[in-house]
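# Reading the structure
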Amino acid sequence: MQTLETTVPEAGVHRYALLLRAPGVAPVVLAGLLARVPLGMSTLAIVLIVRDAGRSYAAAGVVVAAYTLASAVSVPVMGRLIDRLGQRRVLVPLGILFPASLVVLTLLAGAGAGTAALAACAVGVGACLPPIGACMRALWADLAPAEHLRDTAYALEATLQECGGGARLAVGQAGDGEGVGLAVGPGGRIGRGVGSAL
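Note that the coordinates shown come from a computational prediction; the quantities given were computed from them, not determined experimentally.

### Here we look at the packing of aromatic side chains
Using the criterion set out here, one finds zero aromatic pairs in the structure. Looking at R51, its charged tip hangs above the ring of Y57, at a distance of 4.2 Å from the centre.

### Let's talk about the nonpolar core
Ranked by internal contacts, the top residues of the largest apolar core, which has 44 residues, are I46, F98 and W140. Those elements that place two or more of their residues in this core are α1 (13-21), α2 (25-36), α3 (42-52), α4 (57-85), α5 (87-110), α6 (115-127), α7 (132-143) and α8 (147-174). The element best represented in this core is α4, accounting for eight residues.

### Examining α3
Residues of α3 that are buried include every one of S42, A45, I46, I49 and V50, and no others. Around the axis of α3, the buried residues are gathered within 130° of arc, so they sit on the same side.

### Observations regarding α2
The first and last C-alpha atoms of α2 sit 17 Å apart over 12 residues, in line with the 16 Å expected at 1.5 Å per residue. Along α2, the residues classified as buried are V25, V28, V29, G32 and R36. One side of α2 holds all its buried residues, which, seen down the axis, span an arc of 100°. Structural note: α2 exposes P27 and L34 on the side pointing more than 90 degrees away from its buried face.

Rules behind the numbers
Note on numbering: residues in each chain are counted from 1, in written sequence order. The model is predicted, so local features are restricted to residues of pLDDT at least 70 and side-chain atom pairs to those at 80 or more, both for listing and for counting; the totals for chains, interfaces and linings are taken over all residues. Here the side-chain values reflect all heavy atoms present in the structure, with hydrogen atoms and water set aside. A pair of aromatic rings is counted whenever rings of Phe, Tyr or Trp (Trp by its six-membered ring) have centres within 6.5 Å, and the orientation is called stacked for planes under 30 degrees apart, edge-to-face for over 60 and tilted otherwise. Counted as over-ring charges are cases with an Arg CZ or a Lys NZ within 6 Å of the ring centre that also lie within 35 degrees of the ring normal. Think of a nonpolar core as a cluster: buried Ala, Val, Leu, Ile, Met, Phe, Trp, Tyr and Cys residues, connected wherever their side-chain atoms sit within 4.5 Å. Exposure is judged per residue with a 1.4 Å probe applied to protein chains only, and the accessible area is read against the type maximum: over 50% gives exposed, under 20% gives buried, and values in between give partly exposed. Helix and strand labels come from DSSP, where a helix needs a run of H or I of at least four residues and a strand needs a run of E of at least two; each type is numbered from the N terminus. By arc we mean the arc of the directions from the helix axis to the C-beta atoms, nothing more. Every helix has an expected span of 1.5 Å times one less than the residues it contains.

What follows is the structure in structure tokens.
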């Protein structure tokens, strides 16, 4: 992997331009931004999916709690796996399992499954949550070894984390109808919930 090194510190916005022109940086930034889009809105999507299936907010809260607890437990495990096996060997399967498990949750909710079954499925969804932010931060040491550019990279990383929220809201609004929800979401029947997840 090629890296960016410079001995002359750039100022302000020029640092970002210099960073993004470095070999391999722009595709990594774009991939990281796209990968974050569904992650932050998953809890809201689960609430909307469960509510759309006719369940109460209490039931939705139980399902979201199961998802949140499972993701909290799985993060250290995924971190160790990534340290041992590398990012690609862990993130690629998670990138497949996470949306697939959301589809299963959506289908179960649509089929009228009970709260316990939905919570059990939500544990699977939470366990498959990819640790994108931590993985992206770990990449910057290799992509931008110069300290002043690494600081810029971490600032860009924090900004992109927040920008992902705006993208999620925009896609969530687009996913308000059934057709768009099917086109952009991991499940189609409940377009509003799944569109918000994206």
